[in-house]
Number of protein chains: 2
Amino acid sequence: MVKRTSHHEADCFIARPLDAIGDWWSLLIVRDAFDGLRRFGEFQKSLGVAKNILSARLRNLVAHGILETVPAPDGSAHHEYVLTQKGRGLFYVLVALRQWGETYFSGPGEPYTFMVDTESGRPIRRLEVHAEDGRLLVPGDTRLADFRNRENS
Amino acid sequence: MVKRTSHHEADCFIARPLDAIGDWWSLLIVRDAFDGLRRFGEFQKSLGVAKNILSARLRNLVAHGILETVPAPDGSAHHEYVLTQKGRGLFYVLVALRQWGETYFSGPGEPYTFMVDTESGRPIRRLEVHAEDGRLLVPGDTRLADFRNRENS
DNA sequence: CAAAAATGGTTTCAAATTGAAACCTCTTGC
DNA sequence: GCAAGAGGTTTCAATTTGAAACCATTTTTG
């Protein structure tokens, strides 16, 4: 039985999130959800994804608590998909991915979109990683520490 | 001809990065590369991935300029895979993903690893999104603005 | 030095996933 | 009443995945 590999049980806080999200379509669904899309048909039109795939991905996102279904506000029999708090937590992942994309994937003369602060309409700052005391950290300034057996010392 | 969907040409700075990365395995390879792994065998042992898959993913990451091959420093005939500057730019994506994972995927009593500042050994701060003027922004405070036809007004 | 083992892959092939299209089941609108 | 739309599910061929076998070079060991 050759099953697709799952990182569900991986003892890694990168692998498990990736496993929960599922695949690239799912992250694009989350992106669209941040843009205010809520209905099956809206996602389908925006993404151009096959309906069976969209259906499976929405189900997975709901199962992992990233989206939840709510009754349609217009009283129709259908429901809508909205981000949970956990799902909104993916905001930083999307911002990071987008800033990386802006930096390395914008061809000259191409359409260009910025993420801007709604209030001022000005582009947001680049993400930065800071130490507890505020120092700016760059890749290589961090490591992983295991707090598994931390005593209350 | 039913081909796998590519977001290569998508006019979206989230879709294109996702397309370049390839799949979840690739991001775990990048994670390992940040942890200092460089050799085919090291990645294979760390990830437990099939060699053919690893081979294809490394090739893809190199093709997209995220990794590059360099001659092995011990003078052996083999080469090593190291992050390019573009690859190191994924640091923020990994930090975002990890913080999300720490928040929502840590079971009680489970092994727990923090990302810490190497210098102090203390956990790093959470990522924050800031407006140009420094205001802290939360999900919903941003939108996308199209600078395609920006006149020099 | 010869044999064995490790490194870094490629090839093969069955099983799983993907995606396009057809189909189904309500609700609405007219 | 009846056609259209929303929101899916089913079907099925093509593609991708992953385990294992294989192969060509080094490197180590006896």
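Keep in mind the model is a prediction, meaning the values are calculated, not measured.

## Topic: helix H2 (residues 24–34) of chain A
Residue and element names in this part refer to chain A. Among the 11 residues of H2, 10 are classified as buried, and the element is accordingly described as predominantly covered. Turning to H2, its buried residues are Trp24, Trp25, Ser26, Leu27, Leu28, Ile29, Val30, Arg31, Asp32 and Ala33. N-capping of H2 is provided by Asp23, with a side-chain oxygen placed 3.2 Å from the backbone N of Trp25. Residue Gly36 follows H2 closely and has a positive phi angle near 100°.

## Regarding the packing of helix H2 (residues 24–34) of chain B against helix H4 (residues 51–63) of chain B
Residues and elements named next belong to chain B. Axis separation between H2 and H4 bottoms out at 10 Å; the angle between their running directions is 75°. By the angle class used here, H2 and H4 are roughly perpendicular. Together, Trp25, Ser26, Ile29 and Val30 of H2 and Ile53, Leu54, Arg57, Leu58 and Leu61 of H4 make up the contact between the two elements. Class assignment for the residues of the contact of H2 with H4 results in 7 nonpolar, 1 polar and 1 charged.

## As for the relation of the copies chain A and chain B
Superposing chain A onto chain B takes a rotation of 180° plus a shift of 0.0 Å along the axis, which leaves an RMSD of 0.0 Å. Considering both components of the superposition, the chain copies are consistent with a two-fold axis. When C-alpha distances to the rotation axis are compared across chain A, the minimum falls at Val93(A), with a value of 2.8 Å. Counting the interface residues of chain A, we find that 100% of their copies in chain B are interface residues as well, pointing to one common contact surface.

## Re the confidence of the model for chain A
A residue-level look at chain A finds 93% of positions with pLDDT of 70 or above and a mean pLDDT of 90. Here residues 149–153 of chain A scores under 50 on pLDDT; set against residues more than four positions off or in separate chains, the count is 0 contacts.

## Thoughts on the interface of chain A and chain B
Taken together, the 79 residues of chain A in the interface contact 79 residues of chain B. Across the chain A to chain B interface the summed buried area is about 7900 Å²; carbon plus sulfur atoms make up 67%. Sorting the residues of chain A by area buried against chain B places Phe13(A), Trp24(A) and Trp100(A) first, and these three jointly supply 11% of that buried surface. Along the contact surface separating chain A from chain B lie 6 salt bridges. Across the salt bridge formed by Asp117(A) and Arg135(B), the nearest N and O atoms sit 2.5 Å from each other. Inspection of the region where chain A meets chain B yields 26 residue pairs in polar contact (both at pLDDT 80 or more). Looking at the side of chain A that touches chain B, the elements with two or more residues in it are helix H1 (15–21), H2, helix H5 (85–88), helix H6 (91–104), strand E3 (113–117), strand E4 (129–130) and strand E6 (142–146) of chain A. Residue contributions to the side of chain A that touches chain B peak at 12 residues, all from H6(A).

Conventions adopted
Residues numbered from 1 in each chain as written. Chains lettered and ligands numbered in written order. Predicted model: local features only at pLDDT ≥ 70, side-chain atom pairs only at ≥ 80, totals over all residues. Heavy atoms only, no water. Buried < 20%, exposed > 50% of the residue type's maximum accessible area, 1.4 Å probe, protein only. Helix = DSSP H or I, 4+ residues; strand = E, 2+ residues; numbered from the N terminus. Polar contact = N/O pair within 3.5 Å; in protein donor to acceptor, adjacent residues only side chain to side chain. Axes fitted to C-alpha atoms, helices over the stretch in contact; angles between N-to-C directions. Parallel < 35°, antiparallel > 145°, perpendicular 65-115°, else oblique. Contact = heavy atoms within 4.5 Å. Nonpolar A, V, L, I, M, F, W, Y, C, P; charged D, E, K, R; others polar. Least-squares fit on C-alpha atoms with pLDDT ≥ 70 in both. pLDDT = per-residue confidence, 0-100. Buried area = accessible area lost by both parts, 1.4 Å probe. Salt bridge = Lys/Arg side-chain N within 4 Å of Asp/Glu carboxyl O.

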